[in-house]
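Descriptive structure summary
Spelled out, the chains give:
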Amino acid sequence: MDIKDRILYEDNHLIIINKLCGELVQGDVTGDETLADLVKEYLRVTYAKQGNVYLGIPHRLDRPTSGIVVYAKTEKALIRLNELFKGSSVKKTYWAIVDHMPNQSEGTLVHYIIRDTKTNKSVALSVEKRGGKLAKLDYKLIAASKNYFLVEVNLHTGRHHQIRAQFAAIGLHIKGDLKYGAARSNPDGGICLHARSIDFIHPVKKEQISITAAPPDDTLWNAFVSERH
């Protein structure tokens, strides 16, 4: 899909993109092309920019995850977005397709996350342990099929692999997420975790920004989306 077709919002300060499963938000050791590279090229061509194109990255999504990514087009916007994302003033909602029905249809999960940098994996513990960081989220079951369940998640904290680790801790596995216990991978190599919506105050204009991103175009996601309408 062309990058232009995945732009959810753009002005002089921000550009918000619907990320595909498998895309890198920014460069890593693989050296693979990133979503940031694609956005920079779009900006360079669209606005006939000369030299290096500025693009700031105030937050990230895991590579196998899809959905909303916010980039800053100016340094001023980046500085202010960094402050917003550090605090609790950005509301982020995710959709996750999981393999089991949660014990309760809605609730709050509180754990302590410990990250293993060697395996690039996190463990969610129910009791505080040295090095653990508080992780909190609210979840709600919003749809179900014969084999899978659609859960909406609102994050209170932003820890490494937080949703994936916290769900695994209560016996829920996100479809396709082999790293956290799913039975099999997805054909595209991604996982069924989608950054669905984001709400925040524009860092420069001071207006409310509310963005929603369509999930990936596949049979299961489409079935759940149609059930929600």
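Before going into details, it helps to say that this report is about the structure given with it. (Residues numbered from 1 in each chain as written. Predicted model: local features only at pLDDT ≥ 70, side-chain atom pairs only at ≥ 80, totals over all residues. Heavy atoms only, no water.)

Remarks on the overall build of the protein chain
Within the protein chain, the regular secondary structure consists of four helices and ten strands. Reading the protein chain from its N terminus to its C terminus gives the helix and strand order β-β-α-β-α-β-β-β-β-β-α-β-β-α. Dimensions of the protein chain along its principal axes, counting C-alpha atoms only, are 55 × 40 × 35 Å. For the protein chain, with 229 residues in total, the buried portion stands at 46%. A fraction of 62% describes how many contacts in the protein chain between residues 6 or more apart in sequence connect residues 24 or more apart. Of the roughly 12200 Å² that the protein chain leaves accessible, carbon and sulfur atoms contribute 47%. Charge separation in the protein chain, taken as the distance between the mean sites of 32 positive and 26 negative side-chain charges, equals 5 Å. (Helix = DSSP H or I, 4+ residues; strand = E, 2+ residues; numbered from the N terminus. Buried < 20%, exposed > 50% of the residue type's maximum accessible area, 1.4 Å probe, protein only. Contact = heavy atoms within 4.5 Å. Areas by Shrake-Rupley, 256 points an atom, 1.4 Å probe, with all protein chains shown as cover. Lys, Arg positive; Asp, Glu negative; His and termini not counted. Charge placed at Lys NZ, Arg CZ, Asp CG, Glu CD.)

Quick notes on the packing of aromatic side chains
For the coordinates displayed, the defined rule picks out one aromatic pair. Ring centres 6.4 Å apart and planes at 80° place the aromatic pair Y42 and Y47 in the edge-to-face group. One cation-aromatic arrangement involves K121 over Y180; the distance from NZ or CZ to the ring centre is 5.4 Å. Stacked on the ring of Y148, the Lys or Arg K175 has its end atom at 5.7 Å from the ring centre. (Phe/Tyr/Trp six-rings, centres within 6.5 Å; stacked < 30°, edge-to-face > 60°. Lys NZ or Arg CZ within 6 Å of the ring centre and 35° of its normal.)

Things to note about the pattern of salt bridges
A full pass over the atoms with the stated rule returns eight salt bridges. Across the salt bridge formed by E23 and R6, the nearest N and O atoms sit 2.9 Å from each other. With a gap of 17 residues between them, E23 in the loop between strand 2 (14-19) and helix 1 (35-46) and R6 in the segment before strand 1 (7-10) connect regions that are remote in the sequence. Accessibility expressed as a relative area gives 12% for E23, which makes it buried. (Salt bridge = Lys/Arg side-chain N within 4 Å of Asp/Glu carboxyl O.)

Focus: the pairing of strand 9 (residues 193-201)
Counting buried positions along strand 9 yields seven of nine residues, so the element is predominantly enclosed. As paired elements, strand 4 (residues 91-98) and strand 9 share six bridges and run antiparallel to each other. Residue pairing in the sheet places T93 in a bridge with S197 of strand 9. The sheet contact formed by strand 9 and strand 10 (residues 208-212) spans five bridges and is antiparallel. (Pairing = 2+ DSSP bridges.)

Focus on helix 2 (residues 75-86)
Taking 1.5 Å of rise per residue, the twelve residues of helix 2 would be expected to cover 16 Å, and the 17 Å separating its terminal C-alpha atoms lies within 8% of that figure. A77, L78, L81, L84 and F85 are the residues of helix 2 that are buried. One face of helix 2 carries all of its buried residues, which in axial projection span an arc of 125°. In helix 2, the exposed residues that point more than 90 degrees away from the buried face are E75, I79, E83 and K86. Residues of helix 2 that are buried make contact with strand 2, strand 3 (66-72), strand 4 and strand 9. (Expected span 1.5 Å × (residues − 1). Arc of directions from axis to C-beta.)

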